[in-house]
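Understanding the architecture of this molecule
For reference, the chains in residue letters:
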Amino acid sequence: AGIEVTKLDTAGQTASIAIRSLQRKGESGYLFAKSTGSGGLRYYALYSRPGSVMFYYTLNGASKHDSLRFEIDLADEREYRVLLTVALDASSEGSLASFVTLRVDDVQIGARRQIDGVLGDCDPDGDCKLHVGQRAASSQSSFYGFEGIIYEAQMHNHVALQQYPL
């Protein structure tokens, strides 16, 4: 099972999350997830399954989450350094856009992806949960726990990292 982070902060409009992990072969699970207490609305989360990694996100003010898929298999019992970066770009012809980049062992996976808007977040004092190695859920049987080892997890608010932090 994962852990709940009890000292919360908001991610800001630009943030990077770095996780060093080893996932059991063929397994699926959340590397991290920030969501409502029931897990129904994921503000931002990274879910790894055989063959791909899904980034779930909610735009500021939205009431449902969306997702981006990255084609990489982390479920092969090898250690990886995973870096997810979301960076706000206010220069998109007057509109706000954010760009999402996934790097594994400092290699960018696919193209940088654009999402039309600002990454949403929850009030740290409200209905808000941040978990490493699972997501919040209304029952113990549906928390989608990570199967493997998470060696470290770091969150860098207001910073768009280009390589895994040392």
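For every chain, the first residue of the written sequence is number 1, and numbering continues from 1 onward in sequence order. For this predicted model, a pLDDT threshold of at least 70 governs which residues receive local features, and a threshold of 80 or more governs which side-chain atom pairs are given and counted, while totals over whole chains, interfaces and linings are taken from all residues. Heavy atoms from the whole structure form the basis of all side-chain values; hydrogens and water molecules are not counted.

The next subject is the pairing of strand β4 (residues 42–49). Consecutive residues of a regular strand have side chains that alternate between opposite faces of the sheet. Extensive coverage of β4 is indicated by the burial of seven of its eight residues. In the sheet, strand β3 (residues 29–35) pairs with β4 via six bridges, with the strands oriented antiparallel. Following the sheet pairing, K34 is matched in β4 by Y44. As consecutive antiparallel partners, β3 and β4 are separated by six residues, and within that stretch G39 has a phi angle of approximately 85°, a positive value. Any two strands are treated as partners once DSSP identifies two or more bridges connecting them. Strands here are runs of E lasting at least two residues and helices are runs of H or I lasting at least four, both read from the DSSP assignment and numbered beginning at the N terminus. As paired elements, β4 and strand β5 (residues 52–57) share six bridges and run antiparallel to each other. Note on β5: the bridge partner recorded for A45 is Y56. Between β4 and β5, which pair antiparallel and follow one another directly, the connecting turn spans two residues, one of which, G51, has a positive phi of 95°. Relative accessible area decides the class of each residue, using a 1.4 Å probe on protein chains only: under 20% of the type maximum gives buried, over 50% gives exposed, and in between gives partly exposed.

Moving on, we come to the pairing of β5. Burial analysis of β5 places six of its six residues in the buried class, the great majority of the element. Of the two faces of β5, the one lined by S52, M54 and Y56 and the one lined by V53, F55 and Y57 are each fully buried. With five bridges joining them, β5 and strand β6 (residues 66–70) adopt antiparallel strand pairing. For M54, the partnering residue across the bridge sits in β6 and is R69.

Mapped onto the elements, F55 comes out in strand β5. Judged by relative accessible area, which is 1%, F55 ranks as buried. Expressed as a C-alpha distance, the spacing of F55 and V100, which sit 45 residues apart in the sequence, is 9.1 Å.

Only one rule defines a salt bridge in this text: a Lys or Arg side-chain nitrogen within 4 Å of an Asp or Glu carboxyl oxygen. Following the criterion strictly, the structure yields nine salt bridges and no others. Residue D105 is joined to R81 by a salt bridge in which the shortest nitrogen-to-oxygen separation is 3.7 Å. Here D105 is found in the loop between β8 (95–104) and β9 (107–108), whereas its partner R81 is found in strand β7 (residues 79–92), with 24 residues between them in sequence. On the basis of relative accessibility, which here comes to 30%, the residue D105 falls in the partly exposed class. Residue D106 pairs with R81 through a salt bridge whose shortest N-O separation is 3.4 Å. Of this pair, D106 sits in the loop between β8 and β9 while R81 is found in strand β7, placing the two residues 25 residues apart along the sequence. By relative accessible area, which is 34% here, D106 ends up partly exposed. Taken together, the salt bridges that share partners define one network made up of R20, E79 and E152.

Pairs of cysteine sulfur atoms within 2.5 Å are identified as disulfides in what follows. With the rule as written, the count across this model stands at one disulfide. A sulfur-sulfur distance of 1.9 Å marks the disulfide that ties C122 to C128. Each member of the pair C122 and C128 is classed as buried.

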